[in-house]
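Structural overview
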Number of protein chains: 2
Amino acid sequence: MKATAKANTNIALIKYWGKRDENLFLPMNSSISITLDKFYTITTVEFKEKLDSDIFILNKNIESNSERDKVSRFLDRIRKRTGTNLHAEIISENKVPTAAGFASSASGFAALAAAASKSLNLDLDKKDISILARQGSGSASRSIYGGFVEWQKGIQKDGQDSFAKPLLSEKDWNISILSVVVASKEKNVSSREGMKRTIETSPFYSGWLSTVEKDLVMVREAINAQDFERLGEVVEGNALKMHATMLGAEPPVLYWQSGTMEVIHYIQSLRLSGIPVYLTIDAGPNVKVLCLPTDEKRIYESLLSLPSVKEVITCHPGEGITYL
Amino acid sequence: MKATAKANTNIALIKYWGKRDENLFLPMNSSISITLDKFYTITTVEFKEKLDSDIFILNKNIESNSERDKVSRFLDRIRKRTGTNLHAEIISENKVPTAAGFASSASGFAALAAAASKSLNLDLDKKDISILARQGSGSASRSIYGGFVEWQKGIQKDGQDSFAKPLLSEKDWNISILSVVVASKEKNVSSREGMKRTIETSPFYSGWLSTVEKDLVMVREAINAQDFERLGEVVEGNALKMHATMLGAEPPVLYWQSGTMEVIHYIQSLRLSGIPVYLTIDAGPNVKVLCLPTDEKRIYESLLSLPSVKEVITCHPGEGITYL
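Cut-offs and rules
Residues numbered from 1 in each chain as written. Chains lettered and ligands numbered in written order. Predicted model: local features only at pLDDT ≥ 70, side-chain atom pairs only at ≥ 80, totals over all residues. Heavy atoms only, no water. UniProt positions renumbered as here; feature names shortened; annotations may be inferred. Pairing = 2+ DSSP bridges. Helix = DSSP H or I, 4+ residues; strand = E, 2+ residues; numbered from the N terminus. Axes fitted to C-alpha atoms, helices over the stretch in contact; angles between N-to-C directions. Contact = heavy atoms within 4.5 Å. Buried area = accessible area lost by both parts, 1.4 Å probe. Salt bridge = Lys/Arg side-chain N within 4 Å of Asp/Glu carboxyl O. Polar contact = N/O pair within 3.5 Å; in protein donor to acceptor, adjacent residues only side chain to side chain. Nonpolar A, V, L, I, M, F, W, Y, C, P; charged D, E, K, R; others polar. Least-squares fit on C-alpha atoms with pLDDT ≥ 70 in both.

- The name that an unreviewed UniProt entry assigns to chain A is diphosphomevalonate decarboxylase, with the source organism given as Anaeromonas frigoriresistens.
- Checking UniProt for chain A, the heading Sequence similarities (unreviewed entry) contains the comment "Belongs to the diphosphomevalonate decarboxylase family."

1. Remarks on the sheet that holds strand E10 (residues 176–181) of chain A
Residue and element names in this part refer to chain A.
- Spatial strand order, E11-E12-E10-E13: four strands in an open sheet with antiparallel pairing. The open sheet terminates on both sides in strands that have one partner only, identified here as strand E11 (277–280) and strand E13 (311–315). Strand-to-strand twist across the sheet, computed as the mean angle between neighbouring axes with direction ignored, equals 25 degrees.
- Where E10 meets strand E12 (residues 287–291), five bridges bridge the pair, whose relative direction is antiparallel. The residue of E12 that forms the bridge with serine 176 is cysteine 291.
- Each of E11 and E12 touches helix H6 (residues 228–247); the most contacted strand, E11, lies at about 30 degrees to it.

2. Structural notes on the interface of chain B and chain A
- Taken together, the 21 residues of chain B in the interface contact 21 residues of chain A.
- Per-residue buried area on chain B facing chain A is highest for Phe204, Leu247 and Leu254 of chain B; these three make up 29% of the total on that side.
- Inspection of the chain B/chain A interface yields zero salt bridges.
- Connecting chain B to chain A are two residue pairs in polar contact (both at pLDDT 80 or more).
- Elements supplying a minimum of two residues to the side of chain B that touches chain A: helix H5 (205–225), helix H6 (228–247) and helix H7 (258–272) of chain B.
- A class-by-class count of the residues in the side of chain B that touches chain A yields eleven nonpolar, eight polar and two charged.

3. Regarding the relation of the copies chain B and chain A
- In the superposition of chain B on chain A (RMSD 0.0 Å, axial shift 0.0 Å), the rotation amounts to 180 degrees. Both chain copies can therefore be described as sitting about a two-fold axis.
- Interface overlap between copies: 100% of the residues of chain B at the interface are likewise at the interface in chain A, consistent with a symmetric, same-surface contact.

Next up, the structure:
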């Protein structure tokens, strides 16, 4: 009745942007990500007799009811499946600096799905855990696997064909991902709200869906061929396109800050000087820089010298879920 | 055989973005602008016997052959029409700070069209001058009239129905336009190239065309009702959408600099504090801020205090072409 799992977070190369089902977290488009080695969540779930409700302890703090309720709603899906009505104690250690713009929900729900299902002896395979994790947070479906991962959008209404698949192991291709922190203040529009508003009001959303299919094909090929420049070019373009769709929303959604722009132009100037370096940006102001391990150190140092850069954290492809 | 005309530049509220005919400067969509009082071109054209070629003197400097050739090609259209083969001396005084991101081509070709046609006694009405000016630079078609102006895209292949019409005189509605200079370096992609690449490669261009029609309706109504807040909201959204279409181009076109982003966020924060203030951005890094004359002074001063702002120039609606 007790299990512990660790899951790493991931960074999307081809972005998940828009849901076709808000309840089941079914996406409008497939997405591709890299699972990272540095940021993770370790979660222990123990179902216990004599608990009146779930208890959620995050980084040694008992979380508020509203945070606990998110976890409880997720556990309800598992309870329903197993027929149990026991409550659980959930103890999480979260090593994801939310200021760095990494979604802690990806590693959080991946670890929770793995630990909770194991604690109830559900005997799920990775595909099933991916489907389960997806129902807590879409991007969590990808953190089940290590390295380069694709979350296939699926077409079924019940979401049973919407899960992640590994493309290339973290052991097979090492690239560097530098997380560049330019602003630490809370963003004013959540990703969930940003996506929803974009789908509902942006005249660019259909253009996004048409172009993302082509981007997926090119990124799969680039990963398969381990062609870094081809990968980077499509990845950077895809991120800019995602942000473009939001600028068309009513009212517009703009996550970029002046520091974001400084880093974008700096990376583009490095590239003009001959260094293969690219960027991606999630729904927030921070920039993630992709480069080859041989260039990692000098790019890290030069980024730190930019006026608006507060912190740079270097990551590499990491492994999928593990049980502790 | 000699005439002098003055034309003011203009700032687009609903952007001209994309040509359906590169040679005749026929636009994909209609656009709406304000002719400004501060920035202008005064041009004297004199057709003379015994000249082997045209001579183009701009701000007291004899221009290079390539610059002169642009003017000559434009005059060829008029020469063809009148049957003359005389060459001309063109003397222009250009009071448009190109660093401020105003297109000097708008006032330049408007003044040139007016002066050249008058010097040959062509007796054109304003509509004809607008059609003529358009063939030098699309936005020049709008500088023929003062105040709020619409350039109707037209549908004919020969462009004879693609010209500007006045919507509201500069005397009827005074608003303030603050030109905020954040960067003076040459932009790396010309507007002409930016629009071409967008039409040819951006998945968002069809979304732009569908949304611009709605924006035109709303801006016409707002101008008619002199409803500043309604105007500002659509204008700001339209500019962000134009820039969004470019982010989807291959390779992406990004005119924004970190200073651009600083000003955008600052204006949006002023608005959150209750001040009716909006912005628009042309194909460049500088921002044009729209506000009411009663708020002009304090917004001007607060903009000047931003770290990345180099200069702020206050404009108001100005008159159309005049003959001197």
